[in-house]
Structures are given as C-alpha cells and as structure tokens.
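One-letter residues, chain by chain:
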Amino acid sequence: MTPIMENYLQNKEKLLNTPVQYLKGIGEKRAQALEKIGINTFSDMIQYYPRRYLDRSNITPIKNLKVDEQATVVGKVQTCGIKKGARQRFILLLTDETGFLSCVWFHQVQYWQKRFKPGQLLAVSGKVGYFGGKQIIHPDFDLLSEESEDLTDDFLHTGAIIPIYSSTESLSLVGLDSRGFRRIIKNLIKNHTDSFEETLPQSIVSRNKILPFPIALKNIHFPENFQMMQQAQQRLKFEELFLLQFMLALRKQKIHQQQSGIVFSDVGDRTKLLAKELPFELTEAQKKVLKEIRSDMKSTQPMYRLIQGDVGSGKTIVALVTMLIAIENGYQATLMAPTEILAEQHFLTFRGLLADMDVNIQLLVGAQKKSIRDSVTGQIESGECNIVIGTHAIIQQNIKFQNLGLVVIDEQHRFGVSQRAELFEKGENPDVLVMTATPIPRTLSLTVYGDLDVSIIDELPSGRKPVITTWRYSNKRPDIYKFVKSKVDEGSQVYIVFPLIEESAKLDLQAATESYDKIREGIFANNKIALLHGRMKSEEKEAVMDSFKKNETQILVSTTVIEVGVDVPNATIMLIENAERFGLTQLHQLRGRVGRGSEQSYCILIGKYPLTEEALTRLNTMAKTTDGFKIAEVDLELRGPGEFFGTKQHGLPELKIANPLKDSSLLIQARNEAFRVVESAQQKNEIIEMVERNSFFQNYKDKIEMMQIG
Ligand code: ADP
Ligand code: MG
C-alpha cells in the first residue's frame, strides 16, 4: 500500500470514528440524546437502521385521490395563509393541474406562515380527508427545487420509499423523530459517501451474490425501490451473521488445532463400579452421549462439548461418569452450578454414589464458614481433593487447582462466556463439558453455541409419565388445596412456588412468607411444611432441603430458588402461585422438578385474574404440551431472540439487523462461508485485518481477540 493511500484510509477511518456531535444537524443536546441510545460516532449513526418503511413512491394526481387513503401529491402552492376562527389554523392550497388539495396545520401557524410562499413546488404525504374539499391534516412534506432535473434528490419525507426510525420521547424532544433522523442520515450519506468502502473481501461478495457495502448502506436508508431495499437488508444481515460465525469458527478452530489437550486414555475400575452401582440402566441416549464424550476425552484435542437435554433427561449422571474418567486418569475435575442449592444437591448425590470408592469430593460455595472453606481451598491446591462441586465461588482468584483436567458447567445458560473462560483458565487446556436444559432451534444454537460440539439427550428415562398440567384462576384455590391435601395424605410431596424477582424482591419475599403462614394454618395444619428462600443462611437452606429429600417435610413452600436442577423424585405436585409472572422457560424448568419418578405427577398453575393475552398464551401452552422444544419455540415467538437468548449475555456482539430465527437460511449460508474462510490462513488474516481497521466493526474487535485465546 502506498503511503498516500494509507493516509487516505486513516482519514476515512478517523472520519467514521468522529463524534456524532460534529455531524451536520447535530448539536450538543442531540448528541447527548443519541449517546443515551448508544450512538456515539458517525459510524454508529449510519448503522441506526430503519425500523420499517412507508411506500410514498407513487405520486397521485389530485383528482385521483381517495378519501381515507395514504397518498403523496406533488404540486405548486397556489395560496396560503392563517385562518382565524374557532380554531386558528394555517391553510395551504396545493394544485397540480388536476385539482386542488388543502393542507392544514393547527399548531405553530406563525412558523408555517414564514415557511411557505405561493409558487413553491411541494410534495406532501399523508392521509386524505374531506372537509368541503380534499385535504390532508399535518402532512409530511418536502420542498422541491424547480431547477433540479431529477426530483429524487429532494425527496426526503415524501415521493419515495421512506424510512421510519425508532425514536423515544427524549429523542423526539430534541427533534430526533423519523423526520430528524432522515435529514441527518441523508446528509451523512450525501457528504461522506467516499468514506464507505467495501467491508468484506471481494471474493465473499461475489460468491454470495450480495450487494456491495456502500450501495447497501444507501439503500437500507433510502431505497431506490423495494427490491433494492430487500437486497440491502440481505447484505447487511449476511455481514452480521458472517462476522458472528467467523468468530465462532475462529474459536472452534483454535480449540481443534490445539494438540495439547489431555489424553484421558483409561476408563478405570471406579468408573465401571459406578455403572454397576447405579440403581437404573442408562438410557440409549445417555449411552450415545457418553460414547461421544469418551471419544473426545481420548483425543489430543481438548473436549469442548455441549450436552443439550430436556429437564429430567438425566444429564447429571453423564457429568459424573465424565468426572470419574478424569480422576481415574490422575486429574482433578470440577462442576460449577448456578445456585447454592443445586451445587449442594449435586454434591450430596455424588458423595452418595461414590461412597464406596476412594474419591475425595468437596463442596465450595460462597456462604461457607471460613475454616471449612480454607480447608477445601487447601485440598484443591494440594491435589488431595479429586472433585470440586460448587457455585461461581470456584472461579474466584484464590482458588488454585493442582491439576484440573475437566470442567463441567451445569445449567450453562445461566453463565456467560467470560465465566466459562475463567473456569477454563483454572487448568491447562482442560476438557470442557457444558450442560443445558434449554432446547433451542438449531439455527439459534448455531449462533450461541456455534463454537461447541453438541450432543443431545433426546430421550427421557423409561417409565416417566407426562406431568398433568392445568391452570386455574385464584378463586379456585380452595378446590386446588383440597386436591393437594388428598394427595399429600396419600404420601405425595409438594412444592408450592412463589415468584421472587430482583426488582420487587422485598415485597415478593413478604408475600411468600405471609402465604407460608396462611398455608400452615389452613387445611394443611397437620402436615409438615417448610419454607425455603434465597435469603436464608446456607445451613438453613441445607437443613430444609435435606428434610424434604428425606420426606420428613411434605410441603415445601419456596421461592424460585428451586427453579433449576433440584431433584427429589418423590415430589409429584408442583403448584405455582402467580404463574402469570413467570416466563415460559421458567415454568417449564419448575415443572421439571416433578415427574422425575414413575408416579403420576401434577403441575397446577394459579393465575391472577385478569390475565394478559401473553400470559394466557403461556399458561395454555404449559397445559397443552410438556415438550421443552415446543415450549421454547413459543417462548421465542413471544419474547424474540434477543430477550430469549441475549447474545450479549453470551459475550457476543448484539445483532442489529439479523434475526437468527427468521433469517435461518442466510445464517446457514453465512456459517458455511465463515467456516470455509477460516480454513485458509490467508483469507482468515485478510478478514481479521479488515475487521481491525474498519470502524463499522468496532464491537467485534475485542471479541475477535477473546475468541482467539483460552
Ligand atoms: P437433568 O437432565 O434435568 O439434570 P437429572 O440428571 O437430575 O436430570 O435426572 C433426573 C432424574 O432421573 C434423577 O432422579 C436421576 O437419578 C434419574 N435418572 C437419570 N438417568 C436415569 C435412567 N437412565 N433411568 C432412570 N432414572 C434416571
Ligand atoms: Mg440438571
């Protein structure tokens, strides 16, 4: 590259990184408002894509206007002026030689008076009404210059396909409504066209038949026609999905290229012994997944695998076998769970199953006594401890492993990429197994788990009966309690769950506690009841769970702390209060706490009248199906992929325009391209370089770095 060229490039780059305040039409106030929605630079501004479009490209002769229809008219101002009366207004009479159209403004009449003069050429858009003649109230308009040959340059709010931008109240206050955005972005494009250059290698552009970047940018904001608008969208979506997949491909390649993974060659005696001691036979699906894990573990590449399996499919035992193999080969293993209750439960289950084997297993959670904690930390560091089960307390800095060979993360959707990476860093290229119960459509899993190998447990242990699920309004509570009471007296155990969310934690906790008191006094007065919530001390929580596990407590009144992972097979009734406040995934997880044995289980959802339409959909969906996959699909529809599976939470850049669900074929295309490109060192570096110097890809830069380490 010549020095001149390089300089030129640098300037372009500088221009796009210029603070938005220096953009024509933006002062301090607007800049501040824009900052609040994440627009800081020219490049951010240009990537503020329209939410939708209005078709004002057809110009209608006035005589053909139809009342109540949206239309665009081009004509000359015949007369205009303020009309006094009951309601003062500014009226402008427009003519196009086929008729007259009056345009009316009720506010700021003095301003409009100054703005318009007879003889001006004007395009107006809006809904046509009739009041002694055809009229449009508060039309959108563009002043057109008569000299210009081609009118398209003048059309901003009318006469074309018009972009509509999202705006907020505080944006509108400083004039940043759709009109404001249009004006600013149009200027930006017009004045700085030269700064927009192709962002992807030419070979990718031609192979995938996508529009060149500068053309796509123009057409996403001000499309020449609908076809161009669609092509522009395709191009920008492709680019976004391509970059995302490119990063995942980089990461996957990095992992697969490492030949320095641990080779776990032996399945030792203890692993075989465990298989014998299990009170059940593994399902075919569990066996298949274990085989896949075995082959990963034997290989010189570190394992990096996700197990996806619906609630109750038996992921825990797969994790335990995997951990045993690791320690049989002389390494330490660790499992991280999102809640203390779950960590504790895994700890107890594992300790029980490993009782006859010579395995040192320890629990590490936040709220332990210092003396216990110090002892555990010491044993982890010395290597005495073989298996550590814990919460994110494990990733704290002072925890050092002697030789960590395997990392397992349970309910991984509760953790972000960075926590996964931190745990990974505790060993030297340890094998990684992550588990999740959230079933998601394939295209979405290619987005958020695109760097992992995926195993699916697609079968529940035999003899499970689907949980019978119903929902009722709260006025039916007495009947429901009677039913529950009869079941409890037959020996069933019950969860009664109350919502508790961060924002209203105090009130929620109070509500749960009060209900607990009422439940103890009502028809359950002679049953054994306990209360469980997150604010309790560790030992208290332990004691409550323990007595529920041993069937010494019959009814467990709880907040959502039991949502994930908890396993008490004798519990067969899940009663959820204020069910309308839970999301679908949450409800499904909660329901997964029952139906874990061979007894018929029940899930009863109590909703508060009146329910919103969305809440109704959720409760009806729960009643209709127990299939986690179907539930996830409805959930996705209700919440949209951003909310459902925050890419942000996964440490990936937010998608601005693509939707991995709706754009699935484009996603596959982008993924194939990305995985093809990383195969060639030259192309790979070319893209990394392009991302690094391109200010449009600001958010990808540090991510790319992250993907290439750890
Ligand atoms: P999840 O996949 O939701 O984590 P768990 O691992 O907690 O499910 O398993 C759910 C229940 O099923 C547990 O009580 C477990 O002991 C039991 N279980 C696991 N595998 C089998 C099997 N193959 N046959 C019968 N029961 C099983
Ligand atoms: Mg589990």
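Refer to the preceding data block for the structure.
Summarised in this report is the structure supplied together with it.

Parameters at a glance
Residues numbered from 1 in each chain as written. Chains lettered and ligands numbered in written order. Predicted model: local features only at pLDDT ≥ 70, side-chain atom pairs only at ≥ 80, totals over all residues. Heavy atoms only, no water. Near = heavy atom within 4 Å. Polar contact = N/O pair within 3.5 Å; in protein donor to acceptor, adjacent residues only side chain to side chain. Helix = DSSP H or I, 4+ residues; strand = E, 2+ residues; numbered from the N terminus. Expected span 1.5 Å × (residues − 1). Buried < 20%, exposed > 50% of the residue type's maximum accessible area, 1.4 Å probe, protein only. Pairing = 2+ DSSP bridges. Axes fitted to C-alpha atoms, helices over the stretch in contact; angles between N-to-C directions. Contact = heavy atoms within 4.5 Å. Core = buried A, V, L, I, M, F, W, Y, C linked by side-chain atoms within 4.5 Å. Right-handed = clockwise from strand over helix to strand, strands pointing away. Arc of directions from axis to C-beta. Parallel < 35°, antiparallel > 145°, perpendicular 65-115°, else oblique. Left-handed = near helix turned anticlockwise from the far one by under 90°. Nonpolar A, V, L, I, M, F, W, Y, C, P; charged D, E, K, R; others polar. Salt bridge = Lys/Arg side-chain N within 4 Å of Asp/Glu carboxyl O.

**What about the site of ligand 1?**
Here comes step 1: Lining the immediate surroundings of ligand 1 are 17 residues, of which Gly-312, Lys-315, Thr-316, Arg-464 and Asp-567 lie closest.
Here comes step 2: Interatomic distance of 2.9 Å between a side-chain N/O atom of Gln-286 and a nitrogen atom of ligand 1.
Here comes step 3: The side chain of Arg-464 places a nitrogen or oxygen atom 2.6 Å from an oxygen atom of ligand 1.

**Focus: helix 6 (residues 178–192)**
Here comes step 1: Helix length check: helix 6, at 15 residues, gives a terminal C-alpha distance of 21 Å against a target of 21 Å (1.5 Å per residue), a fit within 8%.
Here comes step 2: Those residues of helix 6 that sit buried are Ser-178, Arg-179, Gly-180, Phe-181, Arg-182, Ile-184, Ile-185, Lys-186, Asn-187, Leu-188, Ile-189 and His-192.

**Focus on the sheet that holds strand 15 (residues 453–457)**
Backbone hydrogen bonds are what pair the strands of a sheet, in a parallel or an antiparallel way.
Here comes step 1: Read from one edge to the other, the open sheet built from 7 strands follows the order 11-12-10-13-14-9-15, with strand pairing classed as parallel. Strands with a single pairing partner mark the edges of an open sheet, and in this sheet they are strand 11 (361–364) and strand 15. With direction set aside, neighbouring strand axes in the sheet form an average angle of 20°.
Here comes step 2: Across 5 bridges, strand 10 (residues 332–336) lies against strand 13 (residues 404–409) in parallel orientation. The residue of strand 13 that forms the bridge with Thr-334 is Val-407.
Here comes step 3: Helix 13 (residues 340–353) contacts strand 10, strand 11 and strand 12 (387–390) of the sheet and is inclined by roughly 170° relative to strand 11.
Here comes step 4: In this fold helix 14 (residues 370–382) packs onto strand 10, strand 11 and strand 12, with an angle of close to 130° to the strand it touches most, strand 11.

**Details of the nonpolar core**
Here comes step 1: Core analysis: the biggest nonpolar cluster contains 65 residues, and Leu-34, Met-45 and Phe-242 have the highest contact counts within it.
Here comes step 2: For this core, the secondary structure elements donating two or more residues are helix 2 (28–36), helix 3 (42–46), helix 6, helix 7 (202–207), helix 8 (213–221), helix 9 (226–257), helix 23 (664–677) and helix 24 (681–693).
Here comes step 3: Of all the elements, helix 9 adds the most residues to this core, at 13 residues.
Here comes step 4: Here Leu-34 is in contact with Val-20, Ile-26, Ile-39, Met-45, Leu-171, Leu-176 and Phe-181, once residues within four sequence places are set aside.
Here comes step 5: Counting 44 residues, the second largest nonpolar core, distinct from the first, contains Ala-285, Ala-326, Ile-327 and Val-359.

**Thoughts on the environment of Leu-244**
Here comes step 1: Among the secondary structure elements, Leu-244 is positioned in helix 9.
Here comes step 2: Classification of Leu-244 by relative accessible area gives buried; the value is 0%.
Here comes step 3: As for Leu-244 and Thr-334, which are separated by 90 residues in sequence, their C-alpha atoms are 30 Å apart.

**Focus on unusual backbone geometry**
Here comes step 1: Cis geometry marks the peptide bond from Tyr-609 to Pro-610; its omega dihedral reads -5°.
Here comes step 2: Position of Pro-610 relative to the elements: it lies in the loop between strand 21 (602–607) and helix 21 (613–624).
Here comes step 3: A positive phi angle, near 75°, is found at Glu-97, a position not held by glycine.
Here comes step 4: Positionally, Glu-97 belongs in the loop between strand 3 (89–95) and strand 4 (100–105).
Here comes step 5: Positive phi, close to 50°, is recorded for Asn-578, a residue that is not glycine.

**Thoughts on the side chain of Ser-547**
Here comes step 1: In this structure, Ser-547 sits in helix 19 (residues 538–549).
Here comes step 2: Assessed through its relative accessible area of 15%, Ser-547 is described here as buried.
Here comes step 3: Polar contacts involving the side chain of Ser-547 include one to the side chain of Thr-553, which spans 2.4 Å.
Here comes step 4: In contact with Ser-547, not counting residues within four places along its chain, are Glu-552 and Thr-553.

**A short note on the pairing of strand 20 (residues 571–576)**
Here comes step 1: Burial analysis of strand 20 places 6 of its 6 residues in the buried class, the great majority of the element.
Here comes step 2: With 5 bridges connecting them, strand 17 (residues 493–497) and strand 20 associate as parallel partners. Bridge pairing in strand 20 links Gln-493 to Ala-571.
Here comes step 3: In this structure, strand 20 lies alongside strand 21, joined through 4 bridges in parallel fashion. Residue pairing in the sheet places Ile-576 in a bridge with Leu-605 of strand 21.
Here comes step 4: One crossover worth recording links strand 20 to the parallel strand 21 by way of helix 20 (residues 584–591), and it is right-handed.

**Remarks on helix 17 (residues 477–489)**
Here comes step 1: Given a rise of 1.5 Å per residue, 13 residues ought to cover 18 Å, and the 18 Å separating the end C-alpha atoms of helix 17 matches this to within 8%.
Here comes step 2: Considered for burial, the residues of helix 17 that qualify are Ile-480, Tyr-481, Val-484, Lys-485, Lys-487 and Val-488. What you see down the axis of helix 17 is that its buried residues fit within an arc of 165°, all on one side. Turned more than 90 degrees from where helix 17 packs its buried face, Pro-478, Lys-482 and Asp-489 sit exposed.

**Looking at the packing of helix 8 against helix 9**
Here comes step 1: Axis separation between helix 8 and helix 9 bottoms out at 8 Å; the angle between their running directions is 120°. Classified by the interaxial angle, the pair formed by helix 8 and helix 9 is oblique. Of the two possible hands of crossing, helix 8 and helix 9 adopt the one that is left-handed. Seen from helix 8, the contacting residues are Phe-213, Ile-215, Ala-216, Asn-219 and Ile-220; seen from helix 9, they are Met-228, Met-229, Ala-232, Gln-233, Arg-235, Leu-236 and Glu-239.
Here comes step 2: Broken down by class, the residue content of the contact of helix 8 with helix 9 amounts to 8 nonpolar, 2 polar and 2 charged.

**A look at the pattern of salt bridges**
Charged atoms that come close allow side chains of opposite charge to pair.
Here comes step 1: For the structure shown, the criterion picks out 26 salt bridges.
Here comes step 2: Of the charged contacts in the structure, one is a salt bridge between Arg-56 and Asp-140, with a shortest N-O distance of 2.9 Å. Residue Arg-56 is located in the loop between strand 1 (52–55) and strand 2 (70–83), and its partner Asp-140 is located in strand 7 (residues 140–144); the two are separated by 84 residues in the primary sequence. Judged on exposure class, the residue Arg-56 and its partner Asp-140 are both buried.
Here comes step 3: As a salt-bridge pair, Glu-614 and Arg-618 come within 3.1 Å of each other at their nearest N and O atoms. Of this pair, Glu-614 and Arg-618 both sit in helix 21, separated by 4 residues, roughly a single helical turn.
Here comes step 4: For Arg-618, a relative accessible area of 12% translates into the label buried.
Here comes step 5: One network of salt bridges, with partners in common, ties together Arg-56, Asp-140, Arg-179 and Arg-182.

**Considering the sheet that holds strand 20**
Here comes step 1: Spatially, 16-21-20-17-19-18 is the arrangement adopted by the 6 strands of the open sheet, whose pairing is parallel. Bordering the open sheet on either side are strand 16 (468–473) and strand 18 (529–532), each of which pairs with just one other strand. The sheet shows a mean angle of 20° between the axes of neighbouring strands, direction not considered.
Here comes step 2: For strand 18 and strand 19 (residues 555–558), the ladder comprises 4 bridges, and the chain directions are parallel. Directly across from Leu-532, in strand 19, lies its bridge partner Ser-558.
Here comes step 3: Strands in contact with helix 18 (residues 505–521) are strand 17, strand 18 and strand 19; relative to strand 18, the strand with the most contacts, it is inclined by about 175°.
Here comes step 4: Against the sheet, helix 19 contacts strand 17, strand 18, strand 19 and strand 20, and its axis sits at roughly 140° relative to strand 18.

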